[in-house]
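Fold and geometry: a report
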Amino acid sequence: MNDISPLPLCEQRNQLRKQMRAKRQALTLDEQRFAAQNIIPKSLELIEHYAAQHLAFYLPFNGEISPLPLIEKLRSIGKKIYLPVLHPFSSHQLLFLRFDDKSDLSSNRFGILEPKLDVRKVLPISELEMIFVPLVACDTQGNRLGMGGGFYDRTLSQAKHLISVGLAHQCQQLECLPLESWDEPLDYIVIGNSI
Ligand SMILES: Nc1ncnc2c1ncn2[C@@H]1O[C@H](COP(=O)(O)OP(=O)(O)OP(=O)(O)O)[C@@H](O)[C@H]1O
Ligand SMILES: [Mg+2]
């Protein structure tokens with residue numbers, strides 16, 4: 001007898017992650033550069049709409065859209081930028097550390113660059129106003145599929161005051177995603193067109 005049952009949800013999500021990560025990594029350097037610039041006006045508009053001063057970002061990894069040109073612009077207008085750091089003791093929790101010219105970076109256990117832990121640079125999450133997050137895929141309703149650690153789902157479920165913005169390449173947006181009950185939707189998604 002043929003098994004015609006659909007793939008379990010976690011398998012569907014893992015297959016989709018694989019496909020969408022490959023698409024992201026297939027973008028050329030020029031397409032990546034264009035997209036990183038393309039997200040700036042819409043992101044600035046959102047930040048000014050909320051008059052937000054304390055903003056969390058990420059450092060690009062595995063073909064994620066780079067927020068670095070946007071971060072440069074934000075620093076030049078006095079905004080304070082923070083990056084996630086894996087919590088040293090609490091599994092799957094993130095801390096947010098100030099990111100400036102003097103930040104000392106090192107790779108974490110996933111190979112992602114993060115500021116070296118320094119308690120003087122930690123901002124309590126209650127003081128963070130907006131968080132810009134990477135994603136593997138998103139849909140048109142603001143739902144998000146990440147790398148599979150549940151880090152941002154945990155952060156967003158614990159900090160309901162945060163305005164969340166996903167940054168995505170055009171090729172990462174789908175009609176709908178296979179969702180789990182714990183997935184936290186994003187308030188906004190800014191799409192970076194790639195030329
Ligand atoms: N609020 C939460 N509390 C406890 N566990 C959670 C929470 N949110 C997600 N998880 C757990 O995290 C795991 C991974 O979640 P998921 O597959 O949604 O990751 P993701 O959203 O793709 O990852 P990330 O946010 O790190 O990019 C799941 O096993 C899930 O049970
Ligand atoms: Mg999730």
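Residues numbered from 1 in each chain as written. Chains lettered and ligands numbered in written order. Predicted model: local features only at pLDDT ≥ 70, side-chain atom pairs only at ≥ 80, totals over all residues. Heavy atoms only, no water.

Comments concerning the sheet that holds strand 2 (residues 80-86)
The following threshold applies: Any two strands with at least two DSSP-identified bridges between them are counted as paired. For the purposes of this entry, the term helix denotes a DSSP run of H or I that reaches at least four residues, the term strand denotes a run of E that reaches at least two, and both are numbered from the N terminus. To obtain each axis, a line is fitted to C-alpha atoms, and for helices this fit is confined to the stretch in contact; angles are then taken between N-to-C directions over 0 to 180 degrees.
A sheet is described by the order of its strands in space; here six strands give the open sequence 3-2-1-6-9-11, paired in mixed fashion. In this open sheet, the two strands that pair with only one neighbour each are strand 3 (94-98) and strand 11 (188-192). Pairwise comparison of adjacent strand axes, ignoring direction, gives a mean angle of 30° for this sheet. For strand 1 (residues 54-56) and strand 6 (residues 130-133), the ladder comprises two bridges, and the chain directions are parallel. Opposite A56, over in strand 6, you have I131 as the bridge partner.

Digging into the pattern of salt bridges
This is how the line gets drawn: Whenever a carboxyl oxygen of Asp or Glu lies within 4 Å of a side-chain nitrogen of Lys or Arg, that contact is scored as a salt bridge. Buried residues are those whose accessible area, probed at 1.4 Å on protein chains only, stays under 20% of the maximum for their type, while exposed residues exceed 50% and partly exposed ones sit between those limits.
Counted according to the given criterion, the structure contains eight salt bridges. Across the salt bridge formed by R33 and D30, the nearest N and O atoms sit 3.4 Å from each other. Here R33 pairs with D30, and both are found in helix 2 (residues 29-38), just three residues apart, close to one helical turn. Between D101 and R75 there is a salt bridge, with its nearest N and O atoms 3.5 Å apart. Note that D101 is positioned in the loop between strand 3 and strand 4 (105-107) and R75 in helix 4 (residues 68-76), a separation of 26 residues in sequence. For D101, a relative accessible area of 72% translates into the label exposed. Its relative accessible area of 21% is what places R75 among the partly exposed residues. Each of the salt bridges in this network shares a partner with another, and the network as a whole consists of E72, R75 and D101.

A closer look at the site of ligand 1
Put simply, the test is: Being near a molecule or strand, for a residue, means having at least one of its heavy atoms within 4 Å of it. Pairs of N or O atoms are called polar contacts if they sit within 3.5 Å, as long as, within protein, a hydrogen donor faces a hydrogen acceptor (for residues adjacent in sequence, only side-chain-to-side-chain pairs). All accessible-area figures derive from a Shrake-Rupley calculation using a 1.4 Å probe, and residue coverage is judged against the displayed protein chains alone. Gly falls in the polar group here, along with every residue not listed as nonpolar (Ala, Val, Leu, Ile, Met, Phe, Trp, Tyr, Cys, Pro) or charged (Asp, Glu, Lys, Arg).
By nearness alone, 15 residues border ligand 1, and R17, R144, G146, F151 and W182 come closest of all. In the environment of ligand 1, a nitrogen atom lies 3.3 Å from a nitrogen or oxygen atom belonging to the side chain of S157. Here an oxygen atom of ligand 1 and a side-chain polar atom of D183 are 2.9 Å apart. Protein burial of ligand 1: of its 650 Å² of free accessible surface, 74% is covered by the chains. Broken down by secondary-structure element, the contributors of at least two residues to the shell around ligand 1 are helix 1 (9-25) and helix 5 (151-158). Of all the elements, helix 5 adds the most residues to the shell around ligand 1, at five residues. Along the lines of polarity and charge, the residues of the shell around ligand 1 split into four nonpolar, five polar and six charged.

As for the nonpolar core
Threshold: We define a nonpolar core as any set of buried Ala, Val, Leu, Ile, Met, Phe, Trp, Tyr and Cys residues linked to one another through side-chain atoms lying within 4.5 Å. Contacts were defined at the residue level, with two residues in contact if any of their heavy atoms lie within 4.5 Å.
Counting residues in hydrophobic clusters, the biggest one holds 43 residues, and the most contacted among them are L55, F57, L74, M130, I131 and L167. Non-local contacts of F57, meaning those with residues more than four positions away in its chain, are made with P67, L70, I71, L74, I81, Y82, L83, P84 and F132. By size, the runner-up hydrophobic cluster in this structure holds six residues, among which are L16, A137, L145 and L177.

Focus on the UniProt feature "binding site: substrate" (unreviewed entry) in the protein chain
Selection criterion: UniProt positions are given in the numbering used here, feature names are shortened, and annotations may be inferred rather than shown by experiment.
According to UniProt, the feature "binding site: substrate" (unreviewed entry) maps to L59 and E64 in the numbering used here. As for its placement among the helices and strands, L59 is situated in the loop between strand 1 and helix 4. Under the relative-accessibility criterion, L59 is labelled buried at 11%. Discounting residues that sit within four places of it in the chain, L59 has contacts with E64, L68, L83, F99, L105, I112 and L113. Residue placement: E64 occurs in the loop between strand 1 and helix 4.

Topic: helix 2
Under the convention used in this document: Arc definition: it is the arc formed by the directions from the helix axis to the C-beta atoms.
Among the residues of helix 2, Q32, A35 and A36 are the ones counted as buried. For helix 2, the arc enclosing every buried residue in end-on projection is 100°, short of the 170-degree limit, so these residues lie on one face. Along its buried surface, helix 2 packs onto helix 1, helix 3 (40-49), helix 4, strand 9 (163-169) and strand 11.

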